[in-house]
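Geometric and topological summary
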Amino acid sequence: MEVLGLSVAYLVLFVSFGFMVGVFFGFFGMGGSFLVTPALLILEYPAPVAIGSSMAFVFGTAVIATMKHHDVGQVDYKLGALMFVGIALGIEAGKMLVYGLEAIGQAEVVVGTAYVVLLAVIGVLFLRSAINQSSDDGDEPQSGDDIPEIAKKIKSYNIPPMVTLTDGSKASMWTISGVGGGVGVVSGFLGVGGGFIRMPAIYYLIGVPLAAAVGTSLFGALMSGAVGTFTYGLDGVVDFGVVTALLAGSALGARIGSGATAYVDEDDVTIYFGIMLLLASLAVGLGELANWLAMPILDTASFVLLVGSSAFVTTVIFYYGAQAVRTKDVGPSATAGGHE
Amino acid sequence: MVPGPVQAIGFVALVFVQAVALYAGYGVLERTIGPAIIEKLGNA
């Protein structure tokens, strides 16, 4: 029996995995898309299908996140619109790279290897953040309206055409297009929203204040997802059964994850999320090794590691949340609004 | 068969509608049963 073109086992798996990914997205404000492509690769989906379906999933989650943060988020729509061309060209370039590698039979290996590195780097950053959380180094500006020194320096270079941003400051169109294009290539190549590089790039390179950078990055994810869904959809490589099942789970998970931020201190869970990302990196590496050594048992281990570590962190968030509710020392008003 | 641009735009619209419907649907669910679950957990 098949539902949405998926066996019942796969349907349950994707809804459950989407739920966990949604909890991470709602709780940490990230962590959604960069787990989906590796999971699909481990399940032997071809790289273009894994990436195209992940891009459609990114679009869906970005729509949900935008609605969620519509009232609280500051968005520089003008900057977002100016980045659009760069994002669209970047995604197309990323897609061409995937197809070029697919033509020589190397797409799964290269994309998988890129994920091993990406997940490991982000995992290490989360672990470092968890370890250093007690000693705030004070390097970052505390005001949402401040911008870092490097952004001020970049803004001081007058490379025409210069455009005026919503906050009245000026930025070179070259910087804006460069950021849009660079993030677009990563999005199109890996099937991710790219928020983990877009938000810092908007803040550090274009010099948009932090509060507006978060909302503008979300708007960028919406555009990346829409363009990615369209461009991969043109090639017929978006699996809508997979996307629907993942979205059905993640929309619920994101609500619960976002709600959990009112009860659970992020610092208690960050270290587990960092470890999970390192295990996910290991899982993708094992998946690659399974193909290389033709050892299906490694594929199974890889899958169990990825889903198991995600389930563990979800359970940890629920455990801390349930404890907090039972002790009644915090409530929904504590940090309502989540991490964005 | 490779989809054309109209179908590809249809894919984008379909995902958009799905996302909006899921967000609204779970929103109703959250408002309906959310407080009861929190209260039950608190009393457990």
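One can find the structure itself at the top, above this paragraph.
Here goes a summary of the coordinates provided. No experiment lies behind these values; they were computed from the predicted model shown. (Residues numbered from 1 in each chain as written. Chains lettered and ligands numbered in written order. Predicted model: local features only at pLDDT ≥ 70, side-chain atom pairs only at ≥ 80, totals over all residues. Heavy atoms only, no water.)

Things to note about empty space enclosed by the protein
Residue and element names in this part refer to chain A. Counted according to the given criterion, the structure contains two cavities of 30 Å³ or more. The volume enclosed by the second largest cavity comes to roughly 30 Å³. As for the second largest cavity, its lining consists of G22, F25, T61, I64, S250, A251 and A254. Of all the elements in the fold, those that place two or more residues in the lining of the second largest cavity are α1 (8-28), α3 (47-68) and α10 (240-260). Of all the elements, α10 adds the most residues to the lining of the second largest cavity, at three residues. Tallied by class, the residues present in the lining of the second largest cavity amount to four nonpolar, three polar and no charged. (1 Å grid on protein atoms, 1.4 Å probe; cavity = no way out; pocket = protein on both sides within 12 Å on 5 of 7 lines; lining within 4 Å. Points joined across faces, edges and corners; volume = space filled by probe spheres on them. Helix = DSSP H or I, 4+ residues; strand = E, 2+ residues; numbered from the N terminus. Nonpolar A, V, L, I, M, F, W, Y, C, P; charged D, E, K, R; others polar.)

What to know about the interface of chain B and chain A
With 24 residues of chain B at the interface, the matching set in chain A holds 27 residues. Buried area between chain B and chain A, summed over both chains or domains, comes out near 2,300 Å², and the portion from carbon and sulfur atoms is 75%. Per-residue buried area on chain B facing chain A is highest for B:V15, B:Y23 and B:Y26; these three make up 28% of the total on that side. The interface formed by chain B and chain A includes one salt bridge. Salt-bridge contacts for A:R255 lead to B:E30; the nearest nitrogen and oxygen are separated by 2.8 Å. (Contact = heavy atoms within 4.5 Å. Buried area = accessible area lost by both parts, 1.4 Å probe. Salt bridge = Lys/Arg side-chain N within 4 Å of Asp/Glu carboxyl O.)

Observations regarding α10(A)
Residues and elements named next belong to chain A. Taking 1.5 Å of rise per residue, the 21 residues of α10 would be expected to cover 30 Å, and the 29 Å separating its terminal C-alpha atoms lies within 8% of that figure. α10 sits mainly inside the fold: 17 of its 21 residues count as buried. The backbone nitrogen of G241 has a side-chain oxygen 3.1 Å away, supplied by the residue at the start of α10, namely D239. (Expected span 1.5 Å × (residues − 1). Buried < 20%, exposed > 50% of the residue type's maximum accessible area, 1.4 Å probe, protein only. Polar contact = N/O pair within 3.5 Å; in protein donor to acceptor, adjacent residues only side chain to side chain.)

What to know about the environment of A:V269
All names here are of chain A. If you trace the backbone, V269 turns up in helix α11 (residues 266-293). In the structure, V269 is positioned 22 residues away from L247 in sequence and 24 Å away in space, judged by C-alpha atoms. Beyond its immediate sequence surroundings of up to four residues, V269 is in contact with F27, F28, V264, V313, V316, I317 and Y320.

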